Amino acid sequence: MSYSKTLPQIPLDSDQTTKQASILLTVVCVTILALSIWQVREEYTDQAHQYQKDVANLSAALLHNTEASILHSSTILLGLIERLQNDGSNPAALERLSHLARVQAGFYPELQGIFLYDAKGKWLLSTLPLKSGVNNADRDYFRHHLLDSGLGTHIGTPIRSRTTNDWIITVSHRINDLDGKFAGVALATLRAQTFLDFYKSLNLGPQGIIHLARTDGSILVRYPFREEDLPKGTASGLLVQAIQQGSEQGVLILDSPFDGVRRISGYTASKILPIYMAVGLDESYAFESWRKSLYATSAAVLVALAVIISFGLKIIGSIRFRQQEELQLQQAYATLAEANRGLEIQASQDALTGLANRRQLEIALSQHFLRAEFNNEPLSFILLDIDNFKSYNDTYGHQAGDRCLRQVGNCICRQLRSHSDIPARYGGEELAIILPRTGKTGAKIVAEKIRVAIFEERIEHAGSSLGWLTVSLGVATGTPGPQCTAPNDLILEADKALYEAKRTGRNRVAFGSQDVEPHQS
Ligand SMILES: Nc1nc2c(ncn2[C@@H]2O[C@H](COP(=O)(O)OP(=O)(O)OP(=O)(O)O)[C@@H](O)[C@H]2O)c(=O)[nH]1
């Protein structure tokens, strides 16, 4: 029995398993990373859309509010012009008009003042205290109406009030006389500061801007207010171009010509006045909450990845370690099996001759005895003893005796059927042979063949009467039954026969207790 065959074979697919674990770890990490990037991008897009919507909506609401202020002013002016044309400009009529104008101006906090000028630019009416000697014929709005016969609302560029020194936006109308000739200008002035205060109350972040401008690009109000910005025109030529090309509302990402800040700018153009409103949020402020979420997500993902990778590497490491141990265990099993095989051989083999030893001989004889009993067939057993071996040892030395024993063993093996006959060392210089399924005649032939073969080896032996080494053999044959009840019966029988062969002169074969056949060759 080969011990190694009964050991469990441990599959060593270490590389495969480690590779699969590494792939799994990579897939998990890449998936987490990809999902996080996708989520952050989605949040960015959502936030961008939200801010674009917000700035566009806010610009529309603020424009609506500004339109209302201008249209209120315009309505008041048109009413005054109508009255002036009907009642004339005598002091009493002007006094009534002045009272009416003051009452109406009081309704609108953004309205700084209401004024009427004659064709020379001289003040006819003012809701503010008049400064003597001031003539406004030099003002842009005055020259505009002088040269332009149109009766529509004119919105002027911001100027400093000569009365209060405030920055004001002018809303004006041409006054015609009954013949349709230029008769003066009706003017309403709106405080820029009122608009700025309102814009300030809206929380647009540190760099947020709001500007109200004419569609020709002239700034009317810009929050945060800086005097030096007014001559610069509009925040961006691109925005004005878009409006001039008919765009009513939109969103642009623009670098401001005022401060160089990149902003998301939403704008709305008026459908009834030549103005537009723009609201801009600087990008860094607009995406501040997104950026915070990005940092938090990145930190969480990095921590998660670090934990997953470190656990993954630990698992891969322990898989490798276990597989290493399994490999070592398997090698230990192999070594053990090898050692067991050696021990098996040692336990069953005679070290000197390489034949089966006495223990193995007895086991084999018992097994063959049982088989013979079962099959009811004969079994033969031969005991062989070298003649005068003591004298051989004494003459040639013990080591020569050992070599001689090996030679005799090899010679016996060559005479046997290797697949069934079993040669063994019985003890000392005594050898034995089990001949399964062999009757007396066969055993006799084999024994005789051995005896002759050993003699033919011509091993010099000075202590032998023939001069060569000879052997004596005792043969026992039996079919297990009442006469032959145990393997030992065959051994005793063969031993008796051997004794008989020795007693009757050696170099011969003796059979059971009866036959003894002498030989002289
Ligand atoms: N060299 C060697 N000698 C052995 C071994 N085993 C037994 N012997 C020797 O074999 C001899 C056997 O001697 P004896 O039993 O007196 O028998 P014998 O001299 O062979 O005489 P007969 O058997 O009567 O022919 C002894 O001297 C043993 O020492 C062995 O393994 N090697």
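Each value, and the rule that gives it
- Every chain begins its residue count from 1, and numbering advances along the sequence as written.
- Per-residue local features are limited, in this predicted model, to residues with pLDDT of at least 70; the limit for side-chain atom pairs, both in listing and counting, is 80 or more; totals at the level of whole chains, interfaces and linings are taken over all residues.
- Side-chain calculation: all heavy atoms of the structure are included, whereas hydrogens and water are not.
- For two strands to pair, DSSP has to find at least two bridges joining them.
- Each helix is a run of DSSP H or I of at least 4 residues and each strand a run of E of at least 2, with the numbering of both proceeding from the N terminus.
- To get an axis, fit a line to the C-alpha atoms, keeping to the stretch in contact for a helix; angles then go from 0 to 180 degrees between the N-to-C directions.
- Only heavy atoms matter for contacts: two residues are in contact if any of them lie within 4.5 Å across the pair.
- The criterion for an aromatic pair is that two Phe, Tyr or Trp rings (for Trp, the six-membered ring) have centres within 6.5 Å, with stacked assigned to planes under 30 degrees apart, edge-to-face to planes over 60 apart and tilted to the rest.
- Accessibility here uses a 1.4 Å probe with only protein chains present; expressed as a share of the type maximum, an area under 20% marks a residue as buried, one over 50% as exposed, and anything in between as partly exposed.
- UniProt positions are given in the numbering used here, feature names are shortened, and annotations may be inferred rather than shown by experiment.
- Orientation labels follow simple angle bins: below 35 degrees gives roughly parallel, above 145 gives roughly antiparallel, 65 to 115 gives roughly perpendicular, and whatever is left gives oblique.
- Lys, Arg, Asp and Glu make up the charged group, whereas Ala, Val, Leu, Ile, Met, Phe, Trp, Tyr, Cys and Pro make up the nonpolar group; the residues left over, Gly among them, are polar.
- Any residue with at least one heavy atom within 4 Å of a molecule or strand is counted as near it.
- The definition of a polar contact used here is a pair of N or O atoms within 3.5 Å, where within protein one atom must be able to donate a hydrogen and the other to accept one, and adjacent residues in sequence count solely through side-chain atom pairs.
- Note on areas: Shrake-Rupley, 1.4 Å probe, and residue coverage restricted to the protein chains presented here.

Enquirer: Hey, could you go over the sheet that holds strand 10 (residues 262-269) for me, with residue numbers and the actual values?
Expert: Pairing is antiparallel across the open sheet formed by 5 strands, whose spatial order is 8-7-11-10-9. A single partner strand is all that each edge strand has here, and the edge strands are strand 8 (219-223) and strand 9 (249-255). Neighbouring strand axes in the sheet, compared pairwise and without regard to direction, differ in orientation by 20° on average. Sheet topology note: the strand 10/strand 11 (residues 275-282) ladder contains 7 bridges and is antiparallel. Looking across to strand 11, one finds that Arg-263 is bridged to Asp-282. The sheet strands contacting helix 4 (residues 192-201) are strand 7 (209-214), strand 8 and strand 11, and the helix crosses strand 8 at an angle near 35°.

Enquirer: Describe in detail the packing of aromatic side chains, supporting the description with residues and values.
Expert: The relative placement of two aromatic rings is captured by the distance of their centres and the angle of their planes. The final tally for this structure, using the stated rule, is 13 aromatic pairs. Seen from their ring centres, Phe-198 and Tyr-199 are 6.2 Å apart, and the 45° between their planes marks the pair as tilted. Residues Tyr-392 and Tyr-396 carry aromatic rings whose centres are separated by 4.6 Å and whose planes lie at 45° to one another, so their mutual orientation is tilted. Of this pair, Tyr-392 and Tyr-396 are both found in helix 9 (residues 389-396), 4 residues apart, which corresponds to roughly one turn of the helix. What makes Tyr-396 partly exposed here is its relative accessible area of 26%. These aromatic residues form a ring-pair network of at least three members: Phe-115, Tyr-117, Trp-123, Tyr-141, Phe-142 and Phe-182.

Enquirer: Outline the environment of Lys-200, listing residues and values.
Expert: Within the secondary structure layout, Lys-200 lies in helix 4. Separated by 24 residues in sequence, Lys-200 and Pro-224 place their C-alpha atoms 7.9 Å apart.

Enquirer: Go over the UniProt feature "transmembrane region" (unreviewed entry) in the chain, please, and point to the residues and values.
Expert: Sites flagged by UniProt as "transmembrane region" (unreviewed entry) map to residues 21-40 and 294-313. Along residues 21-40 one finds 100% helix and 0% strand; the C-alpha atoms at either end are 29 Å apart.

Enquirer: Could you give an account of the packing of helix 9 against helix 10 (residues 398-415), with specific residues and numbers?
Expert: Relative to each other, helix 9 and helix 10 sit at 130°, their axes nearing to 6 Å. Classified by the angle between their axes, helix 9 and helix 10 sit oblique to one another. Of helix 10, the residues touching helix 9 (which contributes Phe-389, Tyr-392, Asn-393 and Tyr-396) are His-398, Ala-400, Gly-401, Cys-404 and Leu-405. Here the contact of helix 9 with helix 10 is composed, by residue class, of 6 nonpolar, 3 polar and no charged.

Enquirer: Tell me about the site of the ligand, and name the residues and values.
Expert: Neighbouring the ligand are 17 residues; Phe-389, Asn-393, Asp-402, Arg-425 and Arg-506 lie closest to it. Ile-386 is positioned such that a nitrogen or oxygen atom in its backbone is 3.2 Å from an oxygen atom of the ligand. Within the side chain of Lys-502, a nitrogen or oxygen atom sits 3.0 Å from an oxygen atom of the ligand. In the complex, 68% of the free accessible area of the ligand, which totals 660 Å², lies under the protein chains. Taken together, the elements giving at least two residues each to the shell around the ligand come down to strand 12 (379-386), helix 9 and helix 10. Take the shell around the ligand: its biggest share by element is 4 residues, from helix 10. Looking at the shell around the ligand, its residues break down into 4 nonpolar, 5 polar and 8 charged.

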